[in-house]
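# Structural features, examined
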Amino acid sequence: MNIAVRYCSKTKFGNTMRIAEAMADALGVKAVSIMDEPKLPEKVDVLFLGGAPYANIMAPELREYAESLTSDMVDKVVLFTTSNWSRRTVLALKKILRERNIEVEDEFFYAHMLNIENNINPAKEFALRKKKEISVNI
Ligand SMILES: Cc1cc2nc3c(=O)[nH]c(=O)nc-3n(C[C@H](O)[C@H](O)[C@H](O)COP(=O)(O)O)c2cc1C
C-alpha cells in the first residue's frame, strides 16, 4: 500500500508538522510539507493530510492543494488538524475532497495546539490503526 503524509504548518511551533511527523514515523514514510512539494509525485492509496485554521480559515496554500488533488492520484484521504478549538479545517477539506470524488475517512485526528507533546503517541497509534482498517477494506 502506497502511503503519503502531507501537511501545511505555518506557525513557528510547527504543531501540525509535529503531528504529521509522528504519523509518518509510525507509517515508515516521510512527512512532507505541501510548501516544499506542491504536487504528489505518484499515485497514492492513502494520503494523510493535515492543516490548521488561521483566523477561522485554512491556509490558502492548503485549500489550493486540496483543490488540485484528483481521484486518479489519491484513493483515500485521512485528515488531521491542530488548533485552539476549531475543527473546521477538516470539515472544509472533507467538502472539497468529496466534491472531487475523493474518498475521505469520516474519522480524523485532532490535537490541541497546547497539547502536541501528549498527542505524539496517539497520532502514531491513530495512523497505524487507520492503515490497518483501510488495508482490510481494500
Ligand atoms: C494568526 C492565527 C490565527 C489563528 N486562528 C485560529 C482560529 O480561528 N481557530 C482556532 O481554533 N485556532 C486558531 N489558531 C491556532 C492555530 O490553528 C494553532 O496554533 C495550530 O496548531 C497552528 O498549527 P501550525 O503550528 O501547524 O501552523 C490561530 C493561530 C494563529 C497564529
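Scroll up a little and you will see the structure.
In this convention, every chain numbers its residues from 1, walking through the sequence in written order. Thresholds applied to this predicted model are a pLDDT of at least 70 for local features of residues and 80 or more for the giving and counting of side-chain atom pairs; totals over whole chains, interfaces and linings are not thresholded and use all residues. Calculated side-chain values reflect all of the structure's heavy atoms, with hydrogen atoms and water omitted.

### Some remarks on the pattern of salt bridges
Within this document, salt bridges are pairs made up of a side-chain nitrogen of Lys or Arg and a carboxyl oxygen of Asp or Glu, the two lying within 4 Å of each other. Taken as a whole and assessed by the stated rule, the structure comprises 16 salt bridges. When the shortest N-O distance is used, the salt bridge between Lys95 and Glu99 registers 3.2 Å. With a gap of four residues between them, Lys95 and Glu99 both fall in helix α3 (residues 88-99), about one helical turn apart. No difference in accessibility class separates Lys95 from Glu99, as the two residues are exposed. Residue Lys130 pairs with Glu107 through a salt bridge whose shortest N-O separation is 2.9 Å. Taken as a pair, Lys130 in helix α4 (residues 116-137) and Glu107 in the loop between β7 (103-104) and β8 (109-112) lie far apart in primary sequence, 23 residues in all. Only protein chains enter the accessibility calculation, which uses a 1.4 Å probe. A residue is then buried if its area is under 20% of the maximum for its type, exposed if over 50%, and partly exposed in between. Judged by relative accessible area, Lys130 falls into the buried class, the value being 2%. Only DSSP runs of H or I covering at least 4 residues are called helices, and only runs of E covering at least 2 are called strands; the numbering of each starts at the N terminus.

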